Amino acid sequence: MSSLLIRNVQLDGNVTNILINGNRFQNLHAPADAVADETYDASGLAIVPSFFNTHTHASMTLLRGYADDLPLFPWLNDHIWPFEGKMRAEDIYAGAKLATLEMIRSGTTWFCDMYWMAEETVRAVAEAGIRATVGVTLMDHLGEDEIKRQLDFLANWKDPTNGRISLAVAPHAVYTVSGELLQLCAEAAKTNGQTLTLHVSETEKEVQDCIAAHGMSPVRWLDHLGVLGDNVIAAHVVHIDEEEAEILKERGVWIAHNPCSNMKLSSGIFASDLLMKKGCRLTLGTDGTASNNNLDMREEMKFAALLAKVRYTSETLPAGEILQWATRNGAQAAGLNAGVIREGALADAVFLDLENERLVPNFSLTSNWVYATDSRAIHSVLCDGKFVMKNGVVENAEETITRARESVKSVLSR
């Protein structure tokens, strides 16, 4: 088990030395001469928790900018799904690799994914050295045999890393997954001890269609089926009422807010004030790059905070609260003791360059991090006690970018 001593780093406004033993923070006030296998001088840098992205579609990096400025269902039916139908395993892998590069450079060390060919995303994440909960997507159109194969895959899968990767059962949404399959998914997640993640009440059309089909809204339908629980990450949750918020709170559901995607697809404005007052478990996600169009969680924090203020008041969703959604809350949704710089927690962290012009003056690093700066301020990134970006360098970045470009050309030529 290797150790790392980080010297002269700023933590909560004070300069200190931090000792990491294995993959956890061991001592946040270590002596400067503490013995370690590796020493890193972090003078001029501040250490903050890394991001935990609770909803995305990693391989959709290959569709960045492919079909902009359209409503959700024409966007999906006429553009996104036809493109995805041409994608092969090597393309899923290339897109996921590009996503891990983008996430590392913007400070994310874990993400909850929903896409096809989950094993390709697992391979990309394992190579990148970060964490993920990789969703195995299930929809009715796959057919009985393929659904059974995917459920067997979920039941028998083994993590190829030392605890960095898990699988999630990922039924797409109530409009693509029958009640029977939703219940099968919920049972599989419970039996396997896995997360269940799905899109919920993203648009008004989804809500109205669900009421027409089942006599109740998506949240009520999922609750009626027994799907909702504390292992569920529900993405979007834009169109809900007070009773539904209470259901989500009582069931312990984790809610993944995706402000940029919601705005770009004109899906609606998240009821942050209502959900906070109800005591719901709130996190932050980027959604995929086809509807965002990036995976930058810092940018997502700013949009989430400002959008809440537009809907409610200037005091709604302050910087410290949204930072919690993006870090500690996301880590808890992942089932990880992370998202915080604390002794005993997993050593996932971001180092910010305090000489970055947008961090000057530094009345409040939290305020600057949420509202002022961007990912250019990120100097280095730790995941699991190891550097995945050191001094601005991510290994094999050029190869990853070249592979992604080649995959896009291949898909378009099919």
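Attention here is on the structure that accompanies the text. (Residues numbered from 1 in each chain as written. Predicted model: local features only at pLDDT ≥ 70, side-chain atom pairs only at ≥ 80, totals over all residues. Heavy atoms only, no water.)

### What to know about the overall build of the protein
On a plain count of helices and strands, the protein comes out with 14 helices and 16 strands. By the compact-globule yardstick of 22 Å for 414 residues, the protein fits well, its C-alpha radius of gyration being 21 Å. Projected onto its principal axes, the C-alpha coordinates of the protein cover approximately 65 × 50 × 40 Å. Here the protein holds 414 residues, and the buried ones make up 59% of them. (Helix = DSSP H or I, 4+ residues; strand = E, 2+ residues; numbered from the N terminus. Rg over C-alpha atoms; globule rule 2.2 N^0.38 Å. Buried < 20%, exposed > 50% of the residue type's maximum accessible area, 1.4 Å probe, protein only.)

### Considerations on helix α1 (residues 72–84)
End to end, α1 covers just 16 Å across 13 residues, shorter than the expected 18 Å (1.5 Å per residue, more than 12% under). D78 marks the point of greatest bend in α1, at about 25°, and the proline P82 comes within the next four residues. Listed in full, the buried residues belonging to α1 are L72, F73, W75, L76, I80, F83 and E84. (Expected span 1.5 Å × (residues − 1). Bend = angle between axes of the 7 residues up to and from the residue.)

### A look at unusual backbone geometry
Trans is the common state for peptide bonds, and a negative phi is the common state for residues other than glycine. Geometrically, the link from N292 to N293 is a cis peptide bond, its omega value of 20° lying close to zero. Here N293 lies in the loop between β13 (281–284) and α11 (297–311). Positive phi, close to 60°, is recorded for D69, a residue that is not glycine. Within the chain, D384 stands out as a residue other than glycine whose phi angle is a positive 60°. Inspection of the secondary structure puts D384 in the loop between β15 (378–383) and β16 (386–389). Classification of D384 as buried rests on a relative accessible area of 8%.

### A short note on the nonpolar core
Of all hydrophobic cores here, the largest spans 83 residues; its most connected members are L182, L248, M301 and I322. Here the element with the most residues in this core is helix α5 (residues 179–192); it accounts for 6 residues. The contact partners of L182, leaving out residues within four places of it in the chain, are P171, V174, V177, L198, W221, L222, L225 and V227. Listed in part, the 19 residues of the second largest apolar core include L28, I341, A347 and A349. (Core = buried A, V, L, I, M, F, W, Y, C linked by side-chain atoms within 4.5 Å. Contact = heavy atoms within 4.5 Å.)

### Quick look at the pairing of strand β6 (residues 51–56)
Burial of β6 is extensive: 6 of the 6 residues sit out of reach of the surface. Two elements, β6 and strand β7 (residues 108–115), share 4 bridges in a ladder whose sense is parallel. Note that in β7 the partner of T56 across the bridge is D113. (Pairing = 2+ DSSP bridges.)

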